[in-house]
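Report on the structure
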Amino acid sequence: MEPFKTLLSTAVPLPIEDVDTDQIIPARFLKATTREGFGQNLFRDWRFGNDGTPKADFVLNNPLYSGNILVAGRNFGCGSSREHAAWAIHDYGFKVVVSSFFADIFRGNALNNGLLPVQVSDAFLHEIFSAIERDPASALRVDLQSQKIEIAGSGAAETFPIDPYKKICLLNGYDDIDYLLSLKETIEKFEQSPDRVTLGL
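Quick look at the structure, then. Remember, it's a predicted structure, so these values are computed and weren't measured experimentally.

Calculation notes
- Residues numbered from 1 in each chain as written.
- Predicted model: local features only at pLDDT ≥ 70, side-chain atom pairs only at ≥ 80, totals over all residues.
- Heavy atoms only, no water.
- Helix = DSSP H or I, 4+ residues; strand = E, 2+ residues; numbered from the N terminus.
- Contact = heavy atoms within 4.5 Å.
- Areas by Shrake-Rupley, 256 points an atom, 1.4 Å probe, with all protein chains shown as cover.
- Lys, Arg positive; Asp, Glu negative; His and termini not counted.
- Charge placed at Lys NZ, Arg CZ, Asp CG, Glu CD.
- Buried < 20%, exposed > 50% of the residue type's maximum accessible area, 1.4 Å probe, protein only.
- Pairing = 2+ DSSP bridges.
- Axes fitted to C-alpha atoms, helices over the stretch in contact; angles between N-to-C directions.
- Salt bridge = Lys/Arg side-chain N within 4 Å of Asp/Glu carboxyl O.
- Expected span 1.5 Å × (residues − 1).

Before going further, it helps to spend a moment on the overall build of the protein chain. From N to C terminus, the protein chain includes nine helices and seven strands. In terms of overall dimensions, the protein chain has C-alpha extents of about 70 × 45 × 25 Å along its principal axes. Put simply, of all contacts in the protein chain between residues at least 6 apart along the chain, 65% involve residues at least 24 apart. When the accessible surface of the protein chain is totalled, it reaches about 10700 Å², and 52% of it is carbon and sulfur. Between the mean site of the 19 positive side-chain charges and the mean site of the 27 negative ones, the protein chain shows a separation of 2 Å.

Below is the structure:
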């Protein structure tokens, strides 16, 4: 995975609550077994009509909005546990999803696939939506090391939680195997140490 340090980007607003994984990537597009190509069907039924024509009123089809950050309503990623939802969002080009609440399984799938879920308070989420509504060119700055998200230019900011282990993985671009390999030297030293014998290991 690509390491994540900081991101300064405009954002795409999706002020809809309870967005479930079937809305993110409909079940009929889950046949592929690799992660590539799912982005073209992200929010497929909201983005396109039955004839494949883009729906002008859906935000991803609005040229006013762009960027690598998706700002969504509360309870994002609920529903079934399909990992493909995180694949689709990441493949489309988003690196961060901001919401005031994430479904636990979606949060885990996102973190495992290099997509950072930034959970903020309801009040700060409303502030972000308001800033984007006033000016679609408003940017957000996300700093993973300090676990801080800021509305660039306004100074308004908030910290966000993240599992310490997943933070290390994202900062370094590790998946679980990469993380274990990064500890190879430490593990080898432990295996050769007298302490290991003393402990009966």
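Moving on to helix 3 (residues 84–92). Looking only at helix 3, the buried set comprises His84, Ala85, Ala86, Trp87, Ala88 and Ile89. Buried residues along helix 3 sit in contact with helix 1 (21–24), strand 3 (96–99) and helix 4 (104–112). Within two residues after helix 3, Gly93 carries a phi angle of roughly 125°, on the positive side.

Turning our attention to the sheet that holds strand 7 (residues 157–159). Spatially, the seven strands line up as an open sheet ordered 4-3-2-1-5-6-7, and their pairing is mixed. With partners counted over all chains shown, the strands left at the sheet margins are strand 4 (116–119) and strand 7, one partner each. Neighbour to neighbour, the strand axes of the sheet diverge by 25° on average, direction disregarded. The pairing of strand 2 (residues 69–72) with strand 3 spans three bridges and is parallel. Note that in strand 3 the partner of Leu70 across the bridge is Val97.

On inspection of all chains with the given rule, the structure shows five salt bridges. In this structure, Arg82 and Asp22 form a salt bridge, with 3.0 Å as the shortest nitrogen-oxygen distance. Within this pair, whereas Arg82 is found in the loop between strand 2 and helix 3, its partner Asp22 is found in helix 1, the two being separated by 60 residues in sequence. By relative accessible area, Arg82 is classed as buried at 16%. Taking the relative accessible area as the measure of exposure, Asp22 reaches 37% and is therefore partly exposed. Arg74 is the salt-bridge partner of Asp122, the closest N and O atoms lying 3.4 Å from each other. Of this pair, Asp122 sits in helix 5 (residues 122–134) while Arg74 is found in the loop between strand 2 and helix 3, placing the two residues 48 residues apart along the sequence.

For helix 5, built from 13 residues, the straight-helix expectation of 18 Å at 1.5 Å per residue is met to within 8% by its first-to-last C-alpha distance of 18 Å. Residues Phe124, Leu125, Ile128, Phe129, Ser130, Ala131 and Ile132 constitute the buried set of helix 5. On its buried face, helix 5 sits against strand 1 (6–14), strand 2, strand 3, strand 5 (139–143), strand 6 (148–151) and strand 7.

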